[in-house]
Amino acid sequence: MRLHPFDNQVQAVFEEFWQPIVMLNGEWDLEQVKRELYDYRQVMSRVSEVYEYITHGRISKPNTDPAIVIAEVTNELIREATAKGV
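Residues numbered from 1 in each chain as written. Predicted model: local features only at pLDDT ≥ 70, side-chain atom pairs only at ≥ 80, totals over all residues. Heavy atoms only, no water.

1. As for the overall build of the chain
Next up, step 1: A count of helical and extended segments in the chain gives three helices and two strands.
Next up, step 2: Listed N to C, the secondary structure of the chain is α-β-β-α-α in terms of helices and strands.
Next up, step 3: Over its C-alpha trace the chain gives a radius of gyration of 19 Å, far above what one expects of a compact globule, namely 12 Å for 86 residues.
Next up, step 4: Principal-axis analysis of the C-alpha atoms gives the chain an extent of 65 × 30 × 20 Å.
Next up, step 5: Looking at the chain residue by residue over its 86 residues, the buried ones come to 16%.
Next up, step 6: Residue pairs in contact within the chain that sit at least 24 positions apart in sequence constitute 2% of those at least 6 positions apart.
Next up, step 7: Summed over its atoms, the accessible surface of the chain is roughly 7,400 Å², and 60% of this surface lies on carbon and sulfur atoms.
Next up, step 8: Measuring between centres, the 9 positive side-chain charges of the chain sit 8 Å from its 14 negative side-chain charges. (Helix = DSSP H or I, 4+ residues; strand = E, 2+ residues; numbered from the N terminus. Rg over C-alpha atoms; globule rule 2.2 N^0.38 Å. Buried < 20%, exposed > 50% of the residue type's maximum accessible area, 1.4 Å probe, protein only. Contact = heavy atoms within 4.5 Å. Areas by Shrake-Rupley, 256 points an atom, 1.4 Å probe, with all protein chains shown as cover. Lys, Arg positive; Asp, Glu negative; His and termini not counted. Charge placed at Lys NZ, Arg CZ, Asp CG, Glu CD.)

2. A closer look at the packing of aromatic side chains
Next up, step 1: Tallied over the entire structure, the rule returns two aromatic pairs.
Next up, step 2: With a centroid separation of 4.7 Å and 90° between ring planes, the pair formed by Phe17 and Trp18 is classed as edge-to-face.
Next up, step 3: Here Phe17 falls in the partly exposed class, since its relative accessible area comes to 45%. (Phe/Tyr/Trp six-rings, centres within 6.5 Å; stacked < 30°, edge-to-face > 60°.)

3. Details of helix α2 (residues 30-54)
Next up, step 1: Helix length check: α2 (25 residues) gives 36 Å between terminal C-alpha atoms against 36 Å at 1.5 Å per residue, within 8%.
Next up, step 2: For α2, the secondary structure elements touched by its buried residues are α1 (7-22), β2 (27-28) and α3 (66-84). (Expected span 1.5 Å × (residues − 1).)

4. Let's talk about a nonpolar patch on the surface
Next up, step 1: On the surface, Val50, Tyr53 and Ile54 cluster together into a nonpolar patch covering about 320 Å² of accessible area.
Next up, step 2: The topology assignment puts Val50 in helix α2.
Next up, step 3: With relative accessibility at 46%, the residue Val50 sits in the partly exposed group. (Patch = residues over 30% accessible without salt bridge, like charges linked within 9 Å, V, L, I, M, F, W, Y side chains within 5 Å. Salt bridge = Lys/Arg side-chain N within 4 Å of Asp/Glu carboxyl O.)

Below is the structure:
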């Protein structure tokens, strides 16, 4: 199996964050995995809705770098202020 550049990061995040949540006594806790995946899906969906709303449809992907979303909203506020002569 070929290693990918992010493999070490993925493993580290799993061990530090997810493993204590989704494993019980060294075994997968399938019900907890299901709950976490459900929560993850809810967050991703809601973030997408918020991004789309605050950027007037220009950004909707939940994995978009937050700096890009912030810059887009800031630029929109500047455009609005300029249009109002503020």
